[in-house]
There are 2 protein chains.
Amino acid sequence: MLRISRLTDYGTMILVHLAARPDECCPASDVAAHTRLALPTVQKLLKLLARGDLVRSVRGAEGGYTLARPASGISAADILGVLEGPLGLTECSTESHQCELEAGCQVSSAWQKLDRAIRRALDDISLADLAEPPREFPVLNLSGRSLQARPATPAPPPRNRNRTGARP
Amino acid sequence: MLRISRLTDYGTMILVHLAARPDECCPASDVAAHTRLALPTVQKLLKLLARGDLVRSVRGAEGGYTLARPASGISAADILGVLEGPLGLTECSTESHQCELEAGCQVSSAWQKLDRAIRRALDDISLADLAEPPREFPVLNLSGRSLQARPATPAPPPRNRNRTGARP
DNA sequence: GTCATACTGGACTAAGATAGTCCCATATGC
DNA sequence: GCATATGGGACTATCTTAGTCCAGTATGAC
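## Regarding the overall build of chain A
Secondary structure assignment for chain A yields 7 helices and 2 strands. Along the chain direction, N to C, the helices and strands of chain A fall in the order α-α-α-β-β-α-α-α-α. When the 168 residues of chain A are sorted by exposure, 49% land in the buried category. For chain A, contacts bridging at least 24 residues in sequence account for 65% of all contacts bridging at least 6. Total accessible area on chain A is roughly 7,900 Å²; 49% of this is exposed by carbon and sulfur atoms.

Here it is as structure tokens:
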């Protein structure tokens, strides 16, 4: 639940890759090779990221992509905003049409409280944080879940992958 | 992005309805009438909520549903947990299979930081908070979005509703 | 000028998730 | 026994997501 999409996850990996090479202009093929994601998917995501002004593109031979600004200046909220659209826990928080239930609905203001808490957390994490190697994080693993890397997301394009059994 | 499903939203409305009537045993038809949600949908959700131990059911004539415990003892995390499955921002945070990228992936620990922040926020909000009328909330509407109720979710079952243009 | 390399924009498909409905079985009070 | 309820599933249409592909355009090298 409250899960980010797989593409957003991939997109973050791509940004992390670029963040590690601030002075290089990386072509999509390069990024795909290093992240082990499928090339068409990487191309698609880089296009989106460029349109969202998170990366800058250079066309033509010797072209490629670079971060549009330093990793510390890109927040998780920026990334999710570009790859998943505007934040909003419920439909009424992002859409503007009038609610037929207005009188009866008492829920939205509390959802918005939650909404703000999440937004704050997203603003607080920068791409630089995301790119930081795990070992430098003083991780308090309170949840009991193991702190491993992302699952078999990439490489042999995981067809028919069972997305969850948990997904919202 | 990071949106809760519509059914979860409905489920919350149902819980709020029950929270307002702690001593009544409300049949699904009753809940549907008051929330203006479609009866089959309400039935489905109440079943789920009962299985998740958030509501208690009484079968037979004069039967219906009540909250399983006081509204203050039910958190938003409980609700989302029952209606959307286990919390987890990325697949690797809820699933246990090994990640092929382990060496290369540096992202997960930061996502987990975010994950914890969200979890904390969800734990902090109780059904009692959600049920509280908006006016009692000292809402700091920093976002500029109007604080209206949920949109035309219910009633004339909104077929072909354009879910977003924003949805993750 | 031509060619290879890359990005740009968009269309398209398959698979999966979501929302919503319906049916039959079972329990209970009158 | 009957009306009223919940319980457990199955089922369908629709939307979203992931993933691929193609034709167009820009740029540097030769």
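## As for the packing of helix α1 (residues 6-19) of chain A against helix α3 (residues 39-51) of chain A
Residue and element names in this part refer to chain A. Contact geometry of α1 with α3 gives a least axis separation of 10 Å together with a crossing angle of 80°. As summarised for this structure, α1 and α3 are arranged roughly perpendicular, according to the angle between their axes. Where α1 approaches α3, its residues L7, Y10, G11, I14, L15 and L18 are matched on the opposing element by T41, V42, L45, L46 and L49. Considered class by class, the residues forming the contact of α1 with α3 number 9 nonpolar, 2 polar and no charged.

## Side note on unusual backbone geometry
Positive phi, close to 65°, is recorded for B:D53, a residue that is not glycine. Within the element layout of this structure, B:D53 appears in the loop between α3 (39-51) and β1 (55-58).

## Quick notes on the nonpolar core
Core analysis: the largest hydrophobic core is formed by 79 residues, its most contacted members being A:L67, A:L122, A:L127, B:L67, B:L122 and B:L127. With 7 residues, helix α1 (residues 6-19) of chain B is the largest single contributor of residues to this core.

## Some points on the packing of α1(B) against helix α4 (residues 76-84) of chain B
When two helices pack together, their arrangement is given by the angle between the helix axes and by the axis-to-axis distance. Residues and elements named next belong to chain B. Here α1 crosses α4 at 130°, and the two axes come no closer than 10 Å. Classified by the angle their axes make, α1 and α4 are oblique. You can see that α1 and α4 cross each other, and the crossing is right-handed. Mapping the contact onto sequence places L7, T8, G11, T12 and L15 in α1 and I79, L80, L83 and E84 in α4. For the contact of α1 with α4, the per-class residue count stands at 5 nonpolar, 3 polar and 1 charged.

## Description of the confidence of the model for chain A
For chain A, the mean per-residue pLDDT works out to 75, and 65% of the residues sit at or above 70. Here residues 135-168 of chain A is a poorly scored stretch, pLDDT under 50, and it has 87 contacts once near neighbours within four places are set aside; other chains count.

## Observations regarding the pattern of salt bridges
Residues and elements named next belong to chain B. Counting across every chain of the model gives 4 salt bridges over all chains. The salt bridge involving D115 is made with R119; its shortest N-O contact spans 3.5 Å. Pair noted here: D115 and R119 are both in helix α6 (residues 108-124), with a separation of 4 residues, about one helical turn. By relative accessible area, which is 30% here, R119 ends up partly exposed.

## Observations concerning α1(A)
Taking 1.5 Å of rise per residue, the 14 residues of α1(A) would be expected to cover 20 Å, and the 20 Å separating its terminal C-alpha atoms lies within 8% of that figure. For α1(A), the set of buried residues is A:T8, A:D9, A:Y10, A:G11, A:T12, A:M13, A:I14, A:L15, A:V16, A:H17, A:L18 and A:A19.

## Topic: the environment of A:A131
Residue and element names in this part refer to chain A. Position of A131 relative to the elements: it lies in helix α7 (residues 127-131). Judged by relative accessible area, A131 falls into the buried class, the value being 16%. Along the sequence, A131 and A32 sit 99 residues apart, while their C-alpha atoms lie 17 Å from each other.

## With respect to the pairing of β1(B)
All names here are of chain B. Where β1 meets strand β2 (residues 64-67), 4 bridges bridge the pair, whose relative direction is antiparallel. Note on β2: the bridge partner recorded for V58 is G64. Hairpin geometry of β1 and β2 is characterised by an intervening segment of 5 residues between the two adjacent antiparallel strands and by a positive phi of about 85° at G60.

## A few points about α4(B)
Residue and element names in this part refer to chain B. The set of residues buried in α4 consists of A76, A77, I79, L80, L83 and E84. Seen end-on, α4 carries its buried residues on one side only, within an arc spanning 160°. The first or second residue beyond α4 is G85, which carries a positive phi of 85°.

## A short note on the environment of B:L7
Residues and elements named next belong to chain B. Counting through the fold element by element, L7 comes out in helix α1. Using a relative accessible area of 34% as the deciding quantity, one classes L7 as partly exposed. Discounting residues that sit within four places of it in the chain, L7 has contacts with T41, L45 and L83.

Cut-offs applied
Residues numbered from 1 in each chain as written. Chains lettered and ligands numbered in written order. Predicted model: local features only at pLDDT ≥ 70, side-chain atom pairs only at ≥ 80, totals over all residues. Heavy atoms only, no water. Helix = DSSP H or I, 4+ residues; strand = E, 2+ residues; numbered from the N terminus. Buried < 20%, exposed > 50% of the residue type's maximum accessible area, 1.4 Å probe, protein only. Contact = heavy atoms within 4.5 Å. Areas by Shrake-Rupley, 256 points an atom, 1.4 Å probe, with all protein chains shown as cover. Axes fitted to C-alpha atoms, helices over the stretch in contact; angles between N-to-C directions. Parallel < 35°, antiparallel > 145°, perpendicular 65-115°, else oblique. Nonpolar A, V, L, I, M, F, W, Y, C, P; charged D, E, K, R; others polar. Core = buried A, V, L, I, M, F, W, Y, C linked by side-chain atoms within 4.5 Å. Left-handed = near helix turned anticlockwise from the far one by under 90°. pLDDT = per-residue confidence, 0-100. Salt bridge = Lys/Arg side-chain N within 4 Å of Asp/Glu carboxyl O. Expected span 1.5 Å × (residues − 1). Pairing = 2+ DSSP bridges. Arc of directions from axis to C-beta.

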